[in-house]
Amino acid sequence: MSDVTISDYDDELEYTGGGLQKTGNWWSAFVIGLAGTILVTGIAPVMVTTLGPASVPITFVITISGWLVCMFLAELAAMMPDRTGGLPMYAAPAYAHRWPRLANHINGFSAWAYWLGWFPVAPLNMILASFYIVDLLHLNSTSGISLLGTPIAWWTIGIAAVGIIALFIPSYRGLRFGAAFATVLAMLSMIPLTFLAISYVFHPSVAHFGQLWPFDHLNGTGFFGGEYGHGWLTIAVAFSFLLTWNVIAMEAAACYIGECRNPHRDAKVAMNLEGGYGAFIYTMIPIAFIVVLGTSALSNSKLADPKTIFIHLGAKVFGASTASTVLDDLIAVMLIIALILSALNAITGTARSLHQMSVDGEFPRWFQKLNTHGVPSRAMVFNVVCSIVVVFAGGAVQIYTFSNVGYLAAFIPVLIGYYLLRRDRPNLKRPFKLPEWMKYVALLVAAMYLMIYFWGGPVYASCKCSEAGKSTLPYYFIGIGVVLSYVLFYWYRKWDDRRRAERGDTSGEAPPPISHSEPSAGGIVAMELSPPPGAPPPGRPEPRAGPGG
């Protein structure tokens, strides 16, 4: 990796900026991006109670791929410091040089697929949090409804809906306020979670590493043995589909680089720190479960519940009783806070993607509106409404399945786009630059995700090995239907463009593209950025940002 300062750049990259206020820094991006890393609380228990030690190599490989994605995004974000919305918004400029018409659709498709991947995190996590709140407060968990075949209690619906609406408040107040809110949540959840990941170090006698190696399945067969009626490779690819919804979500930090005051520096710091910490926590938590609890205990399917397995881990390390009320309450509070932190990005991050997509001309103009704090409030309202609707789906695996149909699909055009930019446009300004051979690594990761998407997705959705215990394949196709619905929004936007053009209405037009100018002395590249819609004309002072800025 290298930081580029002085070089010959005879190529210019044009793109449209999101026009959001520059109020953040690397910490803002990192701490809100922990929303992806904290998903370890849900995926690690499922993996170890299903595959046992055999889950560790699979989890590690997918986690490392997520770290690599973070590094690719660090380079792309530093090249396009005014793009907002994270991962999907860096794809279009890579294709525009050769295929400008295709680039528009890649941009819209990637952003909409990314939205489908992230926004369900809010309802899913608030459903899980409501379970723990209902248990803590001894509320009625039996009375409810079952609209889509999965029973869900009235209290769960109410708590989840109220929680989602409450998260809209820090989201609405802007990045600065949201980062402060996320920092508090991160300290209260990530510090104890990190401690639990390595807690056995302080009590070595409880750890038995012979339980880990040689990565056998819980039924005693080796890693290369078949299970659930499938060969080892099919099982690995199928569970990788589940993992990619969680493990590679550390990329969420990229959603906020476009709001950093010093994106050239902040991109590399935030993304590498997010990737490194994500690789650590996603590897060490499953290992802690295995070496402390043992494969015999993990055969108990009840430990797939995060609260139950963390209570057993804490009790084993600290010598407490699993019936300890104090331990039970502490673990429940930690998980509730962690789930809330993760849900925050589901509202804020994808709202920025929808905003940028609207500015680019692929989505209705309604999503371009910024509030007094400089954030896309309408897009966040859209996320809140959609999240409350998804609460009624009830089941976690059902939500995983249709959501990841979008999420994983968003990565593939970006990774291929990274390769194209490095191959076709080597003379672009790259403030942060990875080694040249990394462009081939990007293609390799894209190929792996393609295999997981088209092979692993249908296998996992139709396999009884999932936590649902039954096929969730219809939800896989529901996800495909939602992704394809992008076309309807695109058609509406183009119809609206034609209608406005006919009557000469230029209000709400996106700003012209940003382009690199010739490098100035010292290798510093100047940027030409037109003001976003609604900004004051040149020479008039800009309104002071609100307190949430």
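Because the structure is predicted, anything quoted here is derived from the model rather than measured.

Chemist: Help me understand the overall build of the protein chain in this model?
Modeler: A tally of helices and strands in the protein chain yields 17 helices and seven strands. Taking all 549 residues of the protein chain together, 60% fall into the buried category. Contacts in the protein chain between residues at least 24 apart in sequence constitute 82% of all its contacts with a sequence separation of at least 6. Accessible area for the protein chain stands at about 20800 Å²; split by element, carbon and sulfur atoms hold 66% of it.

Chemist: When you look at a nonpolar patch on the surface in this model, what are you seeing that I'm missing?
Modeler: On the surface, Phe 224, Trp 232, Leu 233, Met 451 and Trp 455 cluster together into a nonpolar patch covering about 490 Å² of accessible area. At the level of elements, α9 (232–246) and α15 (438–462) are the ones that each hand at least two residues to the nonpolar patch. Judged by relative accessible area, Trp 455 falls into the partly exposed class, the value being 32%.

Chemist: When you look at helix α11 (residues 306–318) in this model, what are you seeing that I'm missing?
Modeler: One full turn of an α-helix is made of 3.6 residues, so residues set three or four places apart face in the same direction. Across its 13 residues, α11 extends 18 Å between first and last C-alpha, which sits within 8% of the 18 Å expected from 1.5 Å per residue. All of the buried residues in α11 are Pro 306, Lys 307, Ile 309, Phe 310, Ile 311, Leu 313, Gly 314, Ala 315 and Val 317. Tucked into the core, α11 has its buried residues touching α2 (40–50), α6 (121–137), α8 (175–198), α10 (263–298) and α12 (325–360).

Chemist: Please clarify how the nonpolar core should be interpreted in this entry.
Modeler: Phe 310 and Tyr 449 are the most contacted members of the largest nonpolar core, which has 185 residues in total. With residues up to four places along the chain from it excluded, the contact list for Phe 310 reads Thr 41, Leu 193, Leu 196, Ile 285, Phe 289, Ile 331 and Leu 335.

Chemist: Explanation requested: the side chain of Thr 41 in the structure shown.
Modeler: You can see Thr 41 is positioned in helix α2. Residue classification places Thr 41 among the buried residues on the basis of a relative accessible area of 4%. At 3.0 Å, the side chain of Thr 41 forms a polar contact with the backbone oxygen of Ile 38. Excluding residues that lie within four positions of it along the chain, Thr 41 makes contacts with Leu 193, Pro 306, Phe 310 and Leu 335.

Chemist: I tried to follow the pattern of salt bridges on my own but got confused; where do I start?
Modeler: Pairs can form between side chains of opposite charge whenever their charged atoms are close. If you walk through the whole model with that rule in mind, you get 18 salt bridges. Linking Asp 360 and Arg 83 is a salt bridge whose minimum nitrogen-to-oxygen distance equals 2.9 Å. Of this pair, Asp 360 sits in helix α12 while Arg 83 is found in the loop between α3 (55–79) and α4 (92–96), placing the two residues 277 residues apart along the sequence. Taken together, the shared-partner salt bridges in this structure form one network comprising Arg 365, Arg 493, Lys 494, Asp 496, Asp 497, Arg 499 and Arg 500.

Cut-offs used in this document
- Residues numbered from 1 in each chain as written.
- Predicted model: local features only at pLDDT ≥ 70, side-chain atom pairs only at ≥ 80, totals over all residues.
- Heavy atoms only, no water.
- Helix = DSSP H or I, 4+ residues; strand = E, 2+ residues; numbered from the N terminus.
- Buried < 20%, exposed > 50% of the residue type's maximum accessible area, 1.4 Å probe, protein only.
- Contact = heavy atoms within 4.5 Å.
- Areas by Shrake-Rupley, 256 points an atom, 1.4 Å probe, with all protein chains shown as cover.
- Patch = residues over 30% accessible without salt bridge, like charges linked within 9 Å, V, L, I, M, F, W, Y side chains within 5 Å.
- Salt bridge = Lys/Arg side-chain N within 4 Å of Asp/Glu carboxyl O.
- Expected span 1.5 Å × (residues − 1).
- Core = buried A, V, L, I, M, F, W, Y, C linked by side-chain atoms within 4.5 Å.
- Polar contact = N/O pair within 3.5 Å; in protein donor to acceptor, adjacent residues only side chain to side chain.

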